[in-house]
Each structure stands twice: as structure tokens, then as C-alpha cells.
Amino acid sequence: DVKVTQSSRYLVKRTGEKVFLECVQDMDHENMFWYRQDPGLGLRLIYFSYDVKMKEKGDIPEGYSVSREKKERFSLILESASTNQTSMYLCASSSRVPLHFGNGTRLTVT
Amino acid sequence: AQSVSQHNHHVILSEAASLELGCNYSYGGTVNLFWYVQYPGQHLQLLLKYFSGDPLVKGIKGFEAEFIKSKFSFNLRKPSVQWSDTAEYFCAVMESSGTYKYIFGTGTRLKVLA
């Protein structure tokens, strides 16, 4: 069974801090994704990656960056956290279809 | 740009009632269609998918969905819901052009009363 592991379930950070959200998958999937989930807005794609060191902007990349140095790991970086980045962050991976999701990281920025 | 619309944001049903959740998408090309479910406190998981062939697809837990190409719709149905179906349901579209990029709808929160 595919396992997508997000390093933290809950995070509380202060405005202006640099925040790292880590995601690891164990199925050698080429594709990895970061979404944020907000009530009434569904899932919105932040960034995705087709391969190591490759990244593509999603629909809402502003304020975020990503890193994929190894195939199994995809990191989301908030360079300077702001309160409007308080959200649930979901990592997912796939080899073609379907998407497999992690449990999510609930980030609160105060 | 592609988009996915789920018209029902909140649905409340009694057990044994029938369910239909609407999903419409805007994309003129070939698409793959999905329904995902998120039970309280759990991660999103695949409910069913459509790639090609029979437009009526069956998924887990008695759910099914019908792809109607002319209406750009992929509605989810279940003849008789259970309390354990209480969850949030997301419709998603993926282009078949090889990008593997998924677009999700805004979700429908279903509450089933025992």
C-alpha cells in the first residue's frame, strides 16, 4: 500500500518565519504535488514536480517555493510565513493515476 | 482554464435516503475523472475513477458515478446512504494530455443522520 508521509500533523509558526513542510512517499512515484485545502475553496494546487529537481507552478504558487532533491521527498517552503497562509497542506504522489494523499499538515501562522 | 464545479456545498440526508452529488467540469479535451472522499480525521482517498469505456463506473462502498460527455458532468450517486458515509466528497479532473495535473472541485460536505 502506498504511503505518503507528512512530517508534521500540526504546526504553529509566527509571521515572518521560514517554514518547511516535508513529504516523503515510498512507492517510487515520479509525480508529487502540494495542495492547500481551505473550507469552501476545496483543494488548490500550489506546486508539483514530475521528477527530481523539476518543479512546475500550480494555481497559487505565490509565497511558496519547493524543493525536490530526491525522488521520494518533496518539500514545500514558505519563505516568510503570513497569516493568510494558515491552512491545511496536503501532499500527494502518483505514477500516472490515481493520486495518493498524505494525512495533511495543519499550519497556523500567528 | 479548466475548472470543476460542485454545486452542492452541504448536504444533509437521513439514513437510507438516496444521494446524488453534482460535478461539472470545463475542458474540451479528453479527461480522466475522479471522486475522492475524506472521512473525518482521515486522508483523502479514491472513491472511483473514469478513464474510458462504460460511462457508468462503480466504486467502493456502493458508490457509482455516470459520465455524461454532452453535459460535461460526472455525478456521484448512492442508492441508500449510511451514517458512515458522512464525509467530504471531492470531484477531480485530470487532463489526458500527459501533464498529470489534477483540478479539484470545492467539495461537498455530506452529513448523514442516523
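Details of the structure are given in the entry above.
Residues numbered from 1 in each chain as written. Chains lettered and ligands numbered in written order. Predicted model: local features only at pLDDT ≥ 70, side-chain atom pairs only at ≥ 80, totals over all residues. Heavy atoms only, no water.

A. Representation of the overall build of chain B within the structure. Scanning chain B from terminus to terminus reveals zero helices and 12 strands. Dimensions of chain B, computed from C-alpha atoms along their principal axes, come out at roughly 45 × 25 × 20 Å. For chain B, long-range pairs separated by at least 24 residues make up 54% of all intrachain contacts whose partners lie at least 6 apart in sequence. A total accessible area of about 5400 Å² is found for chain B, and carbon and sulfur atoms account for 53% of it. Distance between charge centroids for chain B: 3 Å, based on 10 positive and 8 negative side chains. (Helix = DSSP H or I, 4+ residues; strand = E, 2+ residues; numbered from the N terminus. Contact = heavy atoms within 4.5 Å. Areas by Shrake-Rupley, 256 points an atom, 1.4 Å probe, with all protein chains shown as cover. Lys, Arg positive; Asp, Glu negative; His and termini not counted. Charge placed at Lys NZ, Arg CZ, Asp CG, Glu CD.)

B. Molecular detail of the pairing of strand β8 (residues 64-68) of chain B. Residue and element names in this part refer to chain B. Relative to β8, strand β7 (residues 56-58) runs antiparallel, the two sharing three bridges. Its bridge partner being in β8, K58 is matched across the sheet by E64. If you look at the hairpin formed by β7 and β8, you'll find five residues sitting between the two strands, and K61 has a positive phi there, around 60°. Pairing of β8 with strand β9 (residues 73-78), which is carried by five bridges, proceeds in the antiparallel orientation. Directly across from F67, in β9, lies its bridge partner F74. The antiparallel pairing of β8 with β9 creates a hairpin that spans four residues between the two strands, and F72 there sits at a positive phi of about 50°. (Pairing = 2+ DSSP bridges.)

C. Spotlight on the interface of chain B and chain A. Listed by partner, the interface residues are 19 residues for chain B and 21 residues for chain A. A per-residue breakdown of the area chain B buries against chain A is headed by Y100(B), Y102(B) and F104(B), which together make up 33% of the total. At the junction of chain B with chain A, the criterion picks out one salt bridge. With its nearest N and O atoms 3.7 Å apart, the salt bridge here joins K101(B) to D59(A). Here chain B is connected to chain A by four residue pairs in polar contact (both at pLDDT 80 or more). The set of elements that each furnish at least two residues to the side of chain B that touches chain A consists of β5 (31-38), β10 (87-95) and β11 (102-104) of chain B. Considered class by class, the residues forming the side of chain B that touches chain A number 11 nonpolar, six polar and two charged. (Buried area = accessible area lost by both parts, 1.4 Å probe. Salt bridge = Lys/Arg side-chain N within 4 Å of Asp/Glu carboxyl O. Polar contact = N/O pair within 3.5 Å; in protein donor to acceptor, adjacent residues only side chain to side chain. Nonpolar A, V, L, I, M, F, W, Y, C, P; charged D, E, K, R; others polar.)

D. The arrangement of the state of the cysteines in detail. Residue and element names in this part refer to chain A. Throughout the structure, instances matching the rule amount to two disulfides over all chains. Each sulfur of the disulfide joining C23 and C91 lies 1.9 Å from the other. An S-S torsion of about -80° defines the bridge between C23 and C91 as left-handed. Pair noted here: C23 is in strand β4 (residues 23-25) and C91 is in strand β10 (residues 87-94), with a separation of 68 residues, a long-range link. (Disulfide = S-S within 2.5 Å.)

E. Focus on the pairing of strand β12 (residues 108-113) of chain B. All names here are of chain B. Here β12 shows a buried face lined by T108, L110 and V112 and an unburied face lined by R109, K111 and L113. Bridging between strand β2 (residues 10-14) and β12 involves five bridges; their strand directions are parallel. Bridge assignment links V11 to a residue of β12, and that residue is L110. (Buried < 20%, exposed > 50% of the residue type's maximum accessible area, 1.4 Å probe, protein only.)

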